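# Chain and residue survey
Spelled out, the chains give:
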Amino acid sequence: MVGRRLLAAVPVLAAVTFGVFAVAAASPFDPVQQYAGSAGLNASQETLEQLRRNLGVDGPFPERWWHWVTHALSGDLGNSTALRQPVSQVIAERLGWSVVLCAAGFLFAVVVGTALGVAAARRRGGLLDRAVTSVSYALEAAPPFWIGLLGIWFFAVQLDVLPAGGLTDSGSDTVTAGALLRHLPLPALVLGISQIPWFLLYVRQGVGDALEEDAVRGARSRGLAERTVLLGHALRSGLLPVLTLIGSRVPELITGALLVETVFSWPGIASATVEAATSTDFPLLAALTTLATVAVLLGNLLSDLLYGLADPRVAMEEM
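Here we summarise the structure given alongside this text. Nothing here was measured: the structure is a model prediction, and the numbers come from that model. (Residues numbered from 1 in each chain as written. Predicted model: local features only at pLDDT ≥ 70, side-chain atom pairs only at ≥ 80, totals over all residues. Heavy atoms only, no water.)

Attention now goes to the overall build of the protein chain. When you go through the protein chain residue by residue, the secondary structure sums to 15 helices and 2 strands. Within the span of the protein chain, comprising 319 residues, buried residues form 37% of the whole. Put simply, of all contacts in the protein chain between residues at least 6 apart along the chain, 73% involve residues at least 24 apart. Taken as a whole, the protein chain presents about 16,900 Å² of accessible surface, with 64% of it coming from carbon and sulfur. (Helix = DSSP H or I, 4+ residues; strand = E, 2+ residues; numbered from the N terminus. Buried < 20%, exposed > 50% of the residue type's maximum accessible area, 1.4 Å probe, protein only. Contact = heavy atoms within 4.5 Å. Areas by Shrake-Rupley, 256 points an atom, 1.4 Å probe, with all protein chains shown as cover.)

Moving on, we get to helix 5 (residues 87–122). Taking 1.5 Å as the rise per residue, helix 5 with 36 residues should run 52 Å; its terminal C-alpha atoms sit 50 Å apart, in good agreement. Along its length, helix 5 shows its largest kink, about 35 degrees, at R94. (Expected span 1.5 Å × (residues − 1). Bend = angle between axes of the 7 residues up to and from the residue.)

At a minimum axis distance of 8 Å, the contact between helix 7 (residues 144–158) and helix 13 (residues 250–263) shows a crossing angle of 35 degrees. The handedness of the crossing between helix 7 and helix 13 is right-handed. Counting all contacts with helix 7, which are made through P144, F145, G148, L149 and I152, the residues of helix 13 involved are G256, L259, V260 and V263. The residue makeup of the contact of helix 7 with helix 13, split by class, is 7 nonpolar, 2 polar and no charged. (Axes fitted to C-alpha atoms, helices over the stretch in contact; angles between N-to-C directions. Left-handed = near helix turned anticlockwise from the far one by under 90°. Nonpolar A, V, L, I, M, F, W, Y, C, P; charged D, E, K, R; others polar.)

Applying the stated criterion to the full structure yields 5 aromatic pairs. Ring centres of F18 and W65 lie 5.2 Å apart, and the angle between their planes is 85 degrees; this geometry places the pair in the edge-to-face category. Within this pair, whereas F18 is found in helix 1 (residues 2–26), its partner W65 is found in helix 4 (residues 61–73), the two being separated by 47 residues in sequence. Relative accessible area serves as the criterion here: at 32%, F18 is assigned to the partly exposed category. On the accessibility criterion, W65 (15% relative accessible area) is buried. Pairing W153 with F154 gives two aromatic rings, centres 6.4 Å apart and planes at 40 degrees, and the pair type is tilted. Given the relative accessible area of 36%, F154 is considered partly exposed. (Phe/Tyr/Trp six-rings, centres within 6.5 Å; stacked < 30°, edge-to-face > 60°.)

A few words now on the side chain of T290. On the secondary structure map, T290 appears in helix 15 (residues 282–310). On the basis of relative accessibility, which here comes to 16%, the residue T290 falls in the buried class. Reaching out from T290, the side chain makes a polar contact with the backbone oxygen of A286 at a distance of 2.8 Å. Residues within four places of T290 in sequence aside, it is in contact with L13, T17 and W68. (Polar contact = N/O pair within 3.5 Å; in protein donor to acceptor, adjacent residues only side chain to side chain.)

A few words on the side chain of H183. Mapped onto the fold, H183 is located in helix 8 (residues 177–183). By relative accessible area, which is 6% here, H183 ends up buried. For H183, the side chain forms a polar contact with the main-chain oxygen of A179, separated by 2.8 Å. Once residues lying within four places of it in the same chain are set aside, the contact partners of H183 are P163, G165, G166, L167, T168, D169 and W266.

Together, F145, W146, L149, L150, W153, F154, V157, L159, V161 and L259 give the surface a local cluster of nonpolar side chains, amounting to about 950 Å² of exposed area. The dominant element in the nonpolar patch, judged by the number of residues it contributes, is helix 7, at 7 residues. If you trace the backbone, W146 turns up in helix 7. (Patch = residues over 30% accessible without salt bridge, like charges linked within 9 Å, V, L, I, M, F, W, Y side chains within 5 Å. Salt bridge = Lys/Arg side-chain N within 4 Å of Asp/Glu carboxyl O.)

As a further point, take helix 10 (residues 214–221). When helix 10 is considered as a whole, its buried residues turn out to be V216, G218 and A219. Taken around the axis of helix 10, the buried residues stretch over an arc of 160 degrees, which confines them to a single face. Of the exposed residues in helix 10, those oriented more than 90 degrees away from the buried face are D214 and S221. (Arc of directions from axis to C-beta.)

Bringing the packing of helix 1 against helix 4 into the picture now. Orientation of helix 1 relative to helix 4, taken along the N-to-C sense of each, is 135 degrees, at an axis distance of 9 Å. Of the possible angle classes, the one that applies to helix 1 and helix 4 is oblique. Between helix 1 and helix 4 lies a crossing of right-handed hand. Touching A14, T17, F18, F21, A22 and A25 of helix 1 are F61, P62, R64, W65, W68 and V69, all from helix 4. A breakdown of the residues in the contact of helix 1 with helix 4 according to their chemical character gives 10 nonpolar, 1 polar and 1 charged. (Parallel < 35°, antiparallel > 145°, perpendicular 65-115°, else oblique.)

The next thing to look at is the nonpolar core. Formed by 42 residues in total, the largest nonpolar core has its most connected members in L101, F199 and V207. Elements with a contribution of two residues or more to this core: helix 5, helix 7, helix 9 (185–210), helix 10, helix 11 (226–238), helix 12 (240–248) and helix 13. Ranked by the residues each element gives to this core, the list is headed by helix 9, at 11 residues. Dropping the residues within four chain positions of it, V207 is found in contact with V118, A121, L230, L235 and G238. Residues W65, A272, A276 and L288 belong to the second largest nonpolar core, which totals 16 residues. (Core = buried A, V, L, I, M, F, W, Y, C linked by side-chain atoms within 4.5 Å.)

Time to look at unusual backbone geometry. Most peptide bonds take the trans form, and the phi angle of most residues other than glycine is negative. Backbone geometry places D160, a non-glycine residue, at a positive phi of 55 degrees. Here S265, not a glycine, exhibits a phi torsion of approximately 50 degrees, which is positive. As for its position among the elements, S265 is in the loop between helix 13 and helix 14 (269–278).

This is how it looks when you write it as structure tokens:
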């Protein structure tokens, strides 16, 4: 199954990258003018054409796409026209911080969302259930950047317990372990809160339905403790749908991380993505789009693997 998914990912990645270059060709923005800036206004046509050849944007877009793909397979992702660095270097410097933020926020969302979902499912219709469900629906409609601004106002301005953004302390350009521990909690908390409603509602529904199954009723009738019934019978069955949610939340997690990184000036992929989009930096944009597509495909593959391992009734060959 893993082999089939990896083979299927090849045409998907090819189509995505081809679409990026097609959009670049149809864009009214000229990357040469963007790269040259104000100097390009007085430059001769010969100079602009030479710069166009140097940047590799002088041919038809299928040719440019094929040139980019063949070089990318050998590790050469081109040069960022906006940041004036190799694309591989831009990604290497920033990807790790985005992974740290996404991992911390995602772990927080899974743990807290699962715990609250189980607690709500045990007493469906109760006060706790109504409270967490109402808050979840409200958070679903709240954009991550709004939650981020609210978090800055409360924790950084009102309480003054967490820094408002960045990754280094004032007056320092060095990232230390202590600075990371001080600056990571607030953006990770905001990102996690934006993802909690989905896990909470899925767990609540799945565990609540599992508690009504005949097998669980039978376990209760045999006199088993409620803790044993919940953890040993209902929880495993009720959490199966959540495993599929892990992969489907990857695109939303990436989008939320971009917004959260922008609000908190986090030195991750977000600033590079914004810079690539606003500066028509298509080599960097193509690489980042490919990277996001790979993350989504791997997330879906992980969900299916976890689901198959958790439920032996599922045949991997059928997935």
